[in-house]
Amino acid sequence: MVIRIGSSHWQGKAWVILLPLLFFSYFSGQVFYKLMVRIKQFVALNIQRPFFEVLLGGLVIFAAGLIAPEMLFSGQHNFHLFTTGWQSKSIVYLMMVALGKLVLLTICKQTGWLGGDIFPVLFSVTTIGFVIAHFLPSVDQIFAVVIVAIGMGTAILGSPILVGSLIGIMFAPLNLLPLVIVATIVLKIWQDYLADRVNVAYFKDIYDKTKWSSRVDNWS
C-alpha cells in the first residue's frame, strides 16, 4: 500500500541541512533504542510468569486504545492519517503517540503479543519527524520528516537499506528520492565503516551490525 505523506518543495539548501539533520535523528534514535532495550529488560526481570506477561501486555494494549487509538494496529494502516491533517495535532499529542507506540511495541514483543515491528517503528519515527519539523519553520516540512524518519528508523531497526527503501518507495514524495538515496547510502557507510571506529564508548555500546530481523528481536 503506497501512501505519500505529502508534497515537498525542497530547494538547494536542503543539501546543506541534510547531514546535520540526518545524524541528529540517527543519534536521537539510538537513545530511543536504548530506552526500548531498558524497558524490555525491566519487564523480563520483574515479570517472569507467562500468565502475568500476557496480562500485562493486554492491559497495556487496552490502556493505549483508551488514551490514543492511533497507537493500536499496524503502523502501515496508520500512515493514511498523514494524508488527513492528523499530523497538525499538538506536538505534545504527536510525541505522546510516537513514544507510546514504541513503548507498546516493546512491551508487546516481550509479553508474547507478537506482531510486526517495522511499520510501527516507521510510523512512530515519521510522527516524531513532524514534531521536529515544527521547530524548523524555514525547512521544507516533508523533507525534514522524511530525513528524520530515515535517521531514527535506521537507529532502531538497524538497516538503512530497509528503512530507506520502504520510505522511498511507499511514503516519501517522489521528488525526494535523490535525498532519500543519499541519506540511505550515508548511513550505510556510517554503519559499515565508520561507527565502530568512533572513539566514544557510548556509540560502541549501541552499535550493532546484526541484521534488522534480529536487532529488534534481540533487544538485550
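Residues numbered from 1 in each chain as written. Predicted model: local features only at pLDDT ≥ 70, side-chain atom pairs only at ≥ 80, totals over all residues. Heavy atoms only, no water.

A few points about the pattern of salt bridges
Thought 1: Following the criterion strictly, the structure yields two salt bridges and no others.
Thought 2: Residues Lys188 and Asp192 are paired through a salt bridge, measuring 3.2 Å at the closest nitrogen-oxygen approach. Placement of both Lys188 and Asp192 in helix 8 (residues 177–194) is noted, with a separation of four residues, approximately one turn of the helix.
Thought 3: Taking relative accessible area as the criterion, Asp192 reaches 31% and is therefore assigned partly exposed. (Salt bridge = Lys/Arg side-chain N within 4 Å of Asp/Glu carboxyl O. Helix = DSSP H or I, 4+ residues; strand = E, 2+ residues; numbered from the N terminus. Buried < 20%, exposed > 50% of the residue type's maximum accessible area, 1.4 Å probe, protein only.)

Remarks on helix 6 (residues 141–157)
Thought 1: Between its first and last C-alpha atoms helix 6 spans 24 Å; for 17 residues at 1.5 Å apiece the expected length is 24 Å, and the two agree.
Thought 2: Burial of helix 6 is extensive: 16 of the 17 residues sit out of reach of the surface.
Thought 3: With its phi angle positive at about 90°, Gly158 sits one or two positions after the end of helix 6. (Expected span 1.5 Å × (residues − 1).)

A look at the side chain of Glu70
Thought 1: With respect to the secondary-structure elements, Glu70 resides in the loop between helix 2 (50–67) and helix 3 (75–78).
Thought 2: Put simply, Glu70 is tucked away with no salt bridge, and the nearest opposite charge, on Lys89, sits 5.1 Å away.
Thought 3: Of the polar contacts made by the side chain of Glu70, one reaches the side chain of Tyr93; its length is 2.8 Å.
Thought 4: Sequence-distant contacts of Glu70, that is, excluding residues within four places in its chain, are made with Asn78, Leu81, Trp86, Lys89, Tyr93, Val97, Lys101 and Phe123. (Lys, Arg positive; Asp, Glu negative; His and termini not counted. Polar contact = N/O pair within 3.5 Å; in protein donor to acceptor, adjacent residues only side chain to side chain. Contact = heavy atoms within 4.5 Å.)

Notes on the nonpolar core
If you look at soluble globular proteins, the nonpolar side chains tend to sit buried side by side.
Thought 1: Core analysis: the biggest nonpolar cluster contains 64 residues, and Leu122, Phe143 and Val146 have the highest contact counts within it.
Thought 2: Of all the elements in the fold, those that place two or more residues in this core are helix 1 (14–46), helix 4 (91–110), helix 5 (118–134), helix 6, helix 7 (160–171) and helix 8.
Thought 3: By residue number, the principal contributor to this core is helix 6, which donates 13 residues.
Thought 4: Once you skip the residues sitting within four places of it in the chain, Leu122 turns out to touch Phe79, Leu157, Val163, Leu166, Ile167 and Phe171. (Core = buried A, V, L, I, M, F, W, Y, C linked by side-chain atoms within 4.5 Å.)

Here's the deal with the packing of helix 1 against helix 6
Packed helices, taken two at a time, are described by their axes: the angle between them and the distance between them.
Thought 1: At a closest axis distance of 7 Å, the pairing of helix 1 and helix 6 adopts a crossing angle of 40°. Judged on the interaxial angle alone, helix 6 and helix 1 are oblique. Remark: the crossing between helix 1 and helix 6 carries right-handed chirality.
Thought 2: For the contact of helix 1 with helix 6, the residue count by class is 17 nonpolar, six polar and no charged. (Axes fitted to C-alpha atoms, helices over the stretch in contact; angles between N-to-C directions. Parallel < 35°, antiparallel > 145°, perpendicular 65-115°, else oblique. Left-handed = near helix turned anticlockwise from the far one by under 90°. Nonpolar A, V, L, I, M, F, W, Y, C, P; charged D, E, K, R; others polar.)

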